[in-house]
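What follows is the residue order along each chain.
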Amino acid sequence: EKGGWSSFMAKEVSEEPEAVANTLRGRIQDGAVVIPELADLDDLFTGIDRIIIIACGTASYAGQVGAYALEQWTRLPVHVELAHEFRYRDPVIDERSLVVSISQSGETMDTLMAVKYAAERGARTLSICNTQGATIPRESDAVVYTHAGPEVAVASTKAFVAQITAIYLLALHIGRVRGVLSPVEAAEHVRELEAVPGKIKRILDTEQEHTTQLAHWMADTRSVLFLGRHVGFPIALEGALKLKEISYIHAEGFAAGELKHGPIALIEAGQPVFVLVPSPRESSLLHDKVVSNIQEIRARGARVIVIAEEGDAAVLPFADEVLRIPLAGPLFEPLLAVVPLHIFAMGLATAKGLDVDQPRNLAKSVTVE
Ligand code: BG6
């Protein structure tokens, strides 16, 4: 079933473009988002005053990325929470709350219990799931399936980009139903989404070799740090999680602005740090802040690996390595920037001779609490 691939993970990373394209398929008509599963739920979406996203692991980082778009396009307050933390703190939820769960398997017990808890408290529930007929969608009021296809490798990759795609579709749908987004605005975002598969494909074509080579050079590395701001922050967390999961090395993701409040103390000569650089086109402020973060860590000896937009030359004087992603709107960059991080984690685990599909101590679907 692996075809010619060395691992399921390699196959699944190569399928990231299709995972996004298939999740969009049949849900866009004349530039508008039309989600057949949600056709009769306008009252639900107009009757809510907050959204809470619950998930575990990689799915929770998809949720964190999705929250930026949901908030921006619906102007509802959005809060993201780990499913296993959610019900132990008496959360403020009622019938005007929409609890969106994200789960590739649809069977993660922590997430399922959180969904049940939310429903008992009267909240409306919607699940984003990759597995038809799984328990979590069955327990939810509504479901938007991701169409990433079966994911076998324990570390989630193509499901992650499909989850972000599905939340973006949901956000556009709610934004339109609530009259926050105009048809023209929504169509612009739809165009960006439709361009994502081709852009991921380009990264796989142009950056795969360099990123894998980099991972091989770094096979003896004991710790890697990841920095990002705004939507780059959850991508930094995802990059770190992937390394922990399959390479068994210490990795941590930080919000770049938090650097000076503690993590910069970790920087010593040779410490590898991935930095996700936002596009300079949309927000030069955000971009320049990240570039100055890079200068700060470089001055302390960090080995800086930058993920930056094609053509962004400002990063060049301060970067040891540059991985390029195609131009995209700020909210769409995470769908691109995560791809080199998936390739890197896979490359490092492979360089260490590890089984990338079946990492120690982990299971694809955790059905105990
Ligand atoms: C884990 C898997 O334990 O469950 C992760 O190892 C995954 O890869 C997490 O992100 C959540 O799984 P699911 O199926 O709920 O998305």
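Up top is the structure.
The present account deals with the structure reproduced in this document.

What counts as what
Residues numbered from 1 in each chain as written. Predicted model: local features only at pLDDT ≥ 70, side-chain atom pairs only at ≥ 80, totals over all residues. Heavy atoms only, no water. Disulfide = S-S within 2.5 Å. Buried < 20%, exposed > 50% of the residue type's maximum accessible area, 1.4 Å probe, protein only. 1 Å grid on protein atoms, 1.4 Å probe; cavity = no way out; pocket = protein on both sides within 12 Å on 5 of 7 lines; lining within 4 Å. Points joined across faces, edges and corners; volume = space filled by probe spheres on them. Helix = DSSP H or I, 4+ residues; strand = E, 2+ residues; numbered from the N terminus. Nonpolar A, V, L, I, M, F, W, Y, C, P; charged D, E, K, R; others polar. Pairing = 2+ DSSP bridges.

**Here we look at the state of the cysteines**
Phase 1 of the analysis: For the structure shown, the criterion picks out 0 disulfides.
Phase 2 of the analysis: Of the cysteine sulfurs around Cys-56, a residue in no disulfide, the closest is that of Cys-129, at 13 Å.
Phase 3 of the analysis: A relative accessible area of 18% means that Cys-56 is categorised as buried.
Phase 4 of the analysis: Classification of Cys-129 by relative accessible area gives buried; the value is 1%.

**Some remarks on the layout of surface pockets**
Using a probe with the size of a water molecule, rolled over the atoms, empty space left in the structure can be pinpointed.
Phase 1 of the analysis: Its volume calculated, the largest pocket comes out at about 460 Å³.
Phase 2 of the analysis: Lining the largest pocket are 23 residues, and of these Cys-56, Gly-57, Thr-58, Ala-363 and Lys-364 lie nearest its centre.
Phase 3 of the analysis: Elements represented by at least two residues in the lining of the largest pocket include exactly α4 (57–74), β5 (97–103), α6 (109–120) and α10 (232–247).
Phase 4 of the analysis: At 3 residues, the largest contribution of residues to the lining of the largest pocket is made by α4.
Phase 5 of the analysis: Of the residues belonging to the lining of the largest pocket, the class tally is 8 nonpolar, 11 polar and 4 charged.

**Comments concerning the pairing of strand β10 (residues 272–276)**
Phase 1 of the analysis: β10 sits mainly inside the fold: 5 of its 5 residues count as buried.
Phase 2 of the analysis: Taking every second residue as pointing to the same face, both faces of β10 are buried, with Pro-272, Phe-274 and Leu-276 on one and Val-273 and Val-275 on the other.
Phase 3 of the analysis: When strand β8 (residues 223–228) meets β10, the two strands line up parallel, connected through 3 bridges. From the neighbouring strand, Leu-225 faces β10, where its bridge partner is Val-273.

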